[in-house]
Amino acid sequence: MKALSANVLTVASVPRQRIYDALLAEPRRDWTVSQLAALLPDVSVEAVRTTVHLLLGDHLMEMVPRTRALTVRLTGEGRATVAEIRSRWASTQTPPGEGGS
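Scope of this entry: the structure provided in the associated data block. (Residues numbered from 1 in each chain as written. Predicted model: local features only at pLDDT ≥ 70, side-chain atom pairs only at ≥ 80, totals over all residues. Heavy atoms only, no water.)

1. As for the side chain of Thr71
Tracing the chain through its elements places Thr71 in strand β3 (residues 71-74). For Thr71, a relative accessible area of 9% puts it in the buried group. A distance of 3.4 Å separates the side chain of Thr71 from the side chain of Thr67, its partner in a polar contact. Discounting residues that sit within four places of it in the chain, Thr71 has contacts with Asp30, Trp31, Thr32, Glu62, Met63 and Val64. (Helix = DSSP H or I, 4+ residues; strand = E, 2+ residues; numbered from the N terminus. Buried < 20%, exposed > 50% of the residue type's maximum accessible area, 1.4 Å probe, protein only. Polar contact = N/O pair within 3.5 Å; in protein donor to acceptor, adjacent residues only side chain to side chain. Contact = heavy atoms within 4.5 Å.)

2. Let's talk about the environment of Val72
Following the sequence through the fold, Val72 ends up in strand β3. The spatial distance from the C-alpha of Val72 to the C-alpha of Arg29 is 8.5 Å, given a sequence separation of 43 residues. With residues up to four places along the chain from it excluded, the contact list for Val72 reads Arg29, Asp30, Trp31, Val52, Leu56, Met61, Glu62, Met63 and Val64.

3. Things to note about helix α4 (residues 76-92)
A turn of α-helix holds 3.6 residues, and therefore any two residues three or four places apart point the same way. Over its 17 residues, α4 extends 25 Å from the first C-alpha to the last, a length consistent with the 24 Å expected when each residue adds 1.5 Å. Inspection of α4 places Gly78, Thr81, Val82, Ile85, Arg86 and Trp89 among the buried residues, and these make up the whole buried set. For α4, the angular spread of the buried residues around the axis is 130°, confining them to a single face. Those residues of α4 hidden inside the fold are in contact with α1 (14-25), α3 (45-57) and β3. (Expected span 1.5 Å × (residues − 1). Arc of directions from axis to C-beta.)

4. Observations concerning the sheet that holds strand β1 (residues 31-32)
Hydrogen bonds along the backbone pair up the strands of a sheet, which may run parallel or antiparallel. If you walk across this open sheet you meet the 3 strands as β1-β3-β2, and the pairing is antiparallel. Each having just a single partner strand, β1 and β2 (61-63) make up the two edges of the open sheet. Where β1 and β3 come together, 2 bridges link them in antiparallel fashion. Residue Thr32 lies in a different strand from β3, and its bridge partner there is Thr71. (Pairing = 2+ DSSP bridges.)

5. Quick word on the pattern of salt bridges
If you walk through the whole model with that rule in mind, you get 7 salt bridges. In this structure, Glu84 engages Arg88 in a salt bridge whose closest nitrogen and oxygen atoms are separated by 2.8 Å. Pair noted here: Glu84 and Arg88 are both in helix α4, with a separation of 4 residues, about one helical turn. Classification of Glu84 by relative accessible area gives partly exposed; the value is 26%. Ionic contacts of the salt-bridge type, sharing partners, join the residues Asp30, Glu62 and Arg73 into one network. (Salt bridge = Lys/Arg side-chain N within 4 Å of Asp/Glu carboxyl O.)

Structure representation (structure tokens):
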């Protein structure tokens, strides 16, 4: 996995999990923040915007040229990195009813 300057991208949170799952469900799709936020009504627009900008900053997403609104898509490295982060979260989650609170 690529070393990230924004380590917060690797910290598990429900909003980040939902954003990553949406991005990985359509990994070649071009997204605007509003499109991604509309798909995830339980995630704040601010969380979507912040995550997108952090992903851009770490070159896991790239801007789509010649678009009016900021439009982004995962890079190849971004798809692999986000998928690895999600798989790490999945392997460390405690199954329901087995500890935790």
